[in-house]
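# Examination of the molecular architecture
Read off the chains here:
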Amino acid sequence: MEPFLPNRQYGNETLYRMLTAAAGSEHLCHAYLLHGPAGTGKRTLAKWLAAAVLCTRSNRPCGVCPSCIKLMHGSHPDYYFHEGKRGVNAIHIDFIRWMRQDAFIKPNDGLFKVYLIPYAEDFSIQAANALLKVLEEPPSHAVFILTADQRERVLETIRSRCIQLAVYPTDEETLCSFIREKKPDISETDCRRIAVLSAGSMGRAVSLLSGEEGEVPALVMQIVDAYAKHQEYILLTAFQKAASTKEHFRAVLEQLASALREILRNKTVDKRDTPKNGVLLSLSEIVYGIDCIEKALSDLNSNVNLGLLSMQITAALCVPVTNR
């Protein structure tokens, strides 16, 4: 069984310390919204906060008290994790009505009840409005923890009633340490490339290491390398391979945009001429490349010929710097 207590050496240490301190004091709030890109550890941090709130010892969460053990085994009577389908309006008003009613029943074991709801951007309008009522006048023993990949899609009235905490992507060095721990025999080159493709997401790093994302990561790095080296034929071949289906093309373009943003983020921190990930792109090339990819993604939403789009994006990326 995977423990619910995370290894905190991998990013967002300040948030862990702050929330742990709040959980054992009078500064604990009734509602939190943890927001940030997918895979940055929001749910892990939320579970940590839930464990800290319900823990019965001073060093919260201890991981060994009866409350922590129950939470670890998914049997804590005062902890509820909403695990439903994803998508617009996926969180229904019926669930919120049940939660609102349950929240006013006193805790079974300790002083608090904790409700963890991932993907707060998936509330239906009716469910969001129903949640507002309990957030405006919550029972003193209830703590609501919401997470969202896209903060701006969460209803403003809900956001304003929560403590909003940004969970940031993991930096490249920390991500590389995480990757090496997961796969000790990985080469430095592969480690750095996976870190770039992960775009600060430990969840994506695990997915890439397990091979769950198929050929998409390899295609993305082939495109990045060809773009950096101005290899037009290799670039076109890679984009044509990516354009086998619209869904496959979209996956490649989205990961490509994320990879270029990660390279840009790392480049602004590490100003050496030769980056550790081996990708030789100037700041202007990275920004221009991101613009081209975003335009292609926009074009992909229309009824476009995939072969033609692959040629158009290749031509755009190969335009000489002086003509851009």
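Just above, that's the structure.
Now for a quick tour of the structure. It should be emphasised that the depicted structure is a prediction, and the values quoted were computed from it without experimental measurement.

### Observations concerning the packing of helix α13 (residues 283-300) against helix α14 (residues 306-317)
- Contact pair α13 / α14: the axes reach a minimum separation of 10 Å and the direction vectors enclose 165°. One way to sum up the angle between α13 and α14 is to call them roughly antiparallel. Like other packed secondary-structure pairs, α13 and α14 cross with a definite hand, here right-handed. Residue-level inspection shows Y288, G289, C292, I293, A296, D299 and L300 of α13 in contact with α14, the latter providing L306, L309, I313, A316 and L317.
- Class assignment for the residues of the contact of α13 with α14 results in 10 nonpolar, 1 polar and 1 charged.

### A word on the environment of Y16
- Counting through the fold element by element, Y16 comes out in helix α1 (residues 13-23).
- Looking at Y16, the relative accessible area reads 5%, which means it is buried.
- A C-alpha to C-alpha distance of 8.0 Å links Y16 and L49, two positions 33 residues apart in sequence.

### Overview of the packing of helix α10 (residues 216-229) against helix α11 (residues 232-242)
- Two elements in contact, α10 and α11, have axes whose closest approach is 9 Å; the angle formed by their N-to-C orientations is 155°. Judged by the angle between their axes, α10 and α11 are roughly antiparallel. The handedness of the crossing between α10 and α11 comes out as left-handed. Taken together, the residues of α11 that come into contact with α10 (itself represented by L219, Q222, I223, A226 and Y227) are I234, L235, A238, F239, K241 and A242.

### Describing the packing of aromatic side chains
- The full count for this structure, using the stated rule, is 6 aromatic pairs.
- Taking 4.9 Å as the distance between ring centres and 50° as the angle between the ring planes, the aromatic pair formed by Y80 and W98 counts as tilted. With Y80 in strand β2 (residues 79-81) and W98 in helix α4 (residues 93-103), this pair connects stretches of sequence that are 18 residues apart.
- Taking the relative accessible area as the measure of exposure, Y80 reaches 30% and is therefore partly exposed.

### Considering the nonpolar core
- If you look at the biggest cluster of nonpolar residues, it comprises 48 residues, and the most contacted ones within it are F239, F249, L253 and I293.
- At the level of elements, α7 (172-182), α8 (188-198), α9 (202-210), α10, α11, α12 (246-269), α13 and α14 are the ones that each hand at least two residues to this core.

### Here we look at the sheet that holds β2
- Judged by pairing direction, the sheet is parallel, and its 5 strands sit side by side in the order β2-β3-β4-β1-β5 without closing on themselves. Each edge of the open sheet carries a strand with a single partner, namely β2 and β5 (163-166). Put simply, the sheet's adjacent strands are angled 15° from each other on average, direction ignored.
- Sheet topology note: the strand β1 (residues 31-35)/β5 ladder contains 4 bridges and is parallel. When the sheet's bridge partners are listed, L34 is paired in β5 with L165.
- Seen against the sheet, α1 touches β1 and β5 and runs at an angle of roughly 155° to β5.

### Comments concerning the pattern of salt bridges
- For the structure on display, the rule yields 14 salt bridges.
- Across the salt bridge formed by E188 and R192, the nearest N and O atoms sit 2.8 Å from each other. Of this pair, E188 and R192 are both found in helix α8, 4 residues apart, which corresponds to roughly one turn of the helix.
- The partly exposed category is assigned to E188, whose relative accessible area is 40%.

### A word on the pairing of strand β3 (residues 113-117)
- Taken across its 5 residues, β3 has 5 buried, putting it largely inside the fold.
- Here β3 shows two buried faces, one formed by K113, Y115 and I117 and the other by V114 and L116.
- Sheet topology note: the β2/β3 ladder contains 3 bridges and is parallel. Within β3, the residue paired with Y79 across the bridge is V114.
- Looking at chain direction, β3 and strand β4 (residues 142-148) are connected through 5 bridges and run parallel. Opposite L116, over in β4, you have I145 as the bridge partner.
- Note that the unit made of β3, helix α5 (residues 125-136) and β4 has a crossover that is right-handed.

### Notes on the environment of R17
- Mapped onto the secondary structure, R17 falls in helix α1.
- Judged by its relative accessible area of 47%, R17 is partly exposed.
- Residues R17 and Y168, spaced 151 residues apart in sequence, show a C-alpha to C-alpha distance of 15 Å.

Rules of the game
- Residues numbered from 1 in each chain as written.
- Predicted model: local features only at pLDDT ≥ 70, side-chain atom pairs only at ≥ 80, totals over all residues.
- Heavy atoms only, no water.
- Axes fitted to C-alpha atoms, helices over the stretch in contact; angles between N-to-C directions.
- Helix = DSSP H or I, 4+ residues; strand = E, 2+ residues; numbered from the N terminus.
- Parallel < 35°, antiparallel > 145°, perpendicular 65-115°, else oblique.
- Left-handed = near helix turned anticlockwise from the far one by under 90°.
- Contact = heavy atoms within 4.5 Å.
- Nonpolar A, V, L, I, M, F, W, Y, C, P; charged D, E, K, R; others polar.
- Buried < 20%, exposed > 50% of the residue type's maximum accessible area, 1.4 Å probe, protein only.
- Phe/Tyr/Trp six-rings, centres within 6.5 Å; stacked < 30°, edge-to-face > 60°.
- Core = buried A, V, L, I, M, F, W, Y, C linked by side-chain atoms within 4.5 Å.
- Pairing = 2+ DSSP bridges.
- Salt bridge = Lys/Arg side-chain N within 4 Å of Asp/Glu carboxyl O.
- Right-handed = clockwise from strand over helix to strand, strands pointing away.

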